[in-house]
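Chain by chain, the residues:
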Amino acid sequence: MDIKIFTADVFGKFGYAFADLQQYKWFKEKSLDEEIVSYSSLKEVLNIDLKADEEFKKIAIKNPAYLLFLVLQNFHKTQGRYPLPEHRTEDIELLKSARSSVLDSLTEDPVAALPDEYFTNVFSKLAPTCAITGGIVCQEVTAAISQKQVLFNNMFLFSPVTHIGYFFKALPTSATTETKSNITNIEMVDEIL
């Protein structure tokens, strides 16, 4: 199947956008030369072996927004819902527990890698974060339809603490497996203030 996917969500001051365009073709405007860019799936990005990739480990420790993304996905998987303002106290404790299960294998000190202050900023949906995240998605969908420029490949994260947006690039391998991620490298490629 050749289905192109954009997904995004906002949790308080934290927002993310993810694109899986599989094989995206775009054309250079002046020369009309075609280029093809490969995208990783969300499943692959969520299943990265954090212990095996030292370069990624360095990026993840420096940028808690990606770690928060993983913790929120783990929270949703185990709780069947996202953090709710009416369960704030309970959910912060559940987020701390999710942090431990996700990050214990990555770092000696999960609290230093993803401080508690990140958890106080993930309740409700704040309009400025919705505007920033939604703006990124609209820009990318418009560009995908026109096929006149290369898109972000393939993840945008807006930090609830630094208020900086980060673009990450996950590079897939050619082989696929069901149990492990096929990501060979993930890097931070840009940031916006």
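Residues numbered from 1 in each chain as written. Predicted model: local features only at pLDDT ≥ 70, side-chain atom pairs only at ≥ 80, totals over all residues. Heavy atoms only, no water.

In the nomenclature of an unreviewed UniProt entry, the protein chain is known as SUMO-activating enzyme subunit 1-like of Diaphorina citri.

Here we come to the environment of leucine 32. By secondary structure assignment, the location of leucine 32 is in the loop between strand E3 (23-27) and strand E4 (34-38). Residue leucine 32 is classed as exposed on the basis of its relative accessible area, which comes to 60%. A sequence separation of 116 residues divides leucine 32 from lysine 148, and the C-alpha atoms of the two residues are 9.0 Å apart. (Helix = DSSP H or I, 4+ residues; strand = E, 2+ residues; numbered from the N terminus. Buried < 20%, exposed > 50% of the residue type's maximum accessible area, 1.4 Å probe, protein only.)

Turning to the nonpolar core, a few remarks are in order. By size, the foremost hydrophobic cluster in this structure holds 35 residues, and its most contacted members are Phe14, Tyr66 and Leu157. In terms of residues, this core owes the most to one element, helix H3 (residues 64-79), which gives nine residues. Among residues more than four places away in sequence, those in contact with phenylalanine 14 are Asp9, Ala65, Leu68, Phe69, Leu72, Asn121, Val122, Thr129, Leu157, Phe158 and Pro160. Ranked by size, the runner-up nonpolar core spans 16 residues in total, among them Val37, Val137, Phe158 and Phe167. (Core = buried A, V, L, I, M, F, W, Y, C linked by side-chain atoms within 4.5 Å. Contact = heavy atoms within 4.5 Å.)

To continue, consider the packing of H3 against helix H4 (residues 88-103). H4 packs onto H3 with a crossing angle of 110° between their chain directions and a minimal axis gap of 9 Å. What the angle tells us is that H3 and H4 run roughly perpendicular. In terms of crossing hand, the pair formed by H3 and H4 is right-handed. Mapping the contact onto sequence places Leu67, Leu70, Val71, Leu72, Asn74, Phe75 and Gln79 in H3 and Asp91, Leu94, Leu95, Ala98, Arg99, Ser101, Val102 and Leu103 in H4. Its residues assigned to classes, the contact of H3 with H4 comprises 10 nonpolar, three polar and two charged. (Axes fitted to C-alpha atoms, helices over the stretch in contact; angles between N-to-C directions. Parallel < 35°, antiparallel > 145°, perpendicular 65-115°, else oblique. Left-handed = near helix turned anticlockwise from the far one by under 90°. Nonpolar A, V, L, I, M, F, W, Y, C, P; charged D, E, K, R; others polar.)

Let's shift gears to the packing of aromatic side chains. Scanning all chains against the criterion turns up eight aromatic pairs. Measuring from centroid to centroid gives 6.3 Å for phenylalanine 11 and phenylalanine 14, while their planes differ by 25°, and the two rings are stacked. This pair shows no difference in class: phenylalanine 11 is buried, exactly as phenylalanine 14 is. Three or more aromatic residues joined by ring pairs make a cluster, and in this case those are Phe11, Phe14, Tyr16, Tyr66, Phe69, Tyr82 and Phe168. The ring of phenylalanine 11 is capped by lysine 125, whose NZ or CZ atom sits 5.7 Å from the centre of that ring. (Phe/Tyr/Trp six-rings, centres within 6.5 Å; stacked < 30°, edge-to-face > 60°. Lys NZ or Arg CZ within 6 Å of the ring centre and 35° of its normal.)

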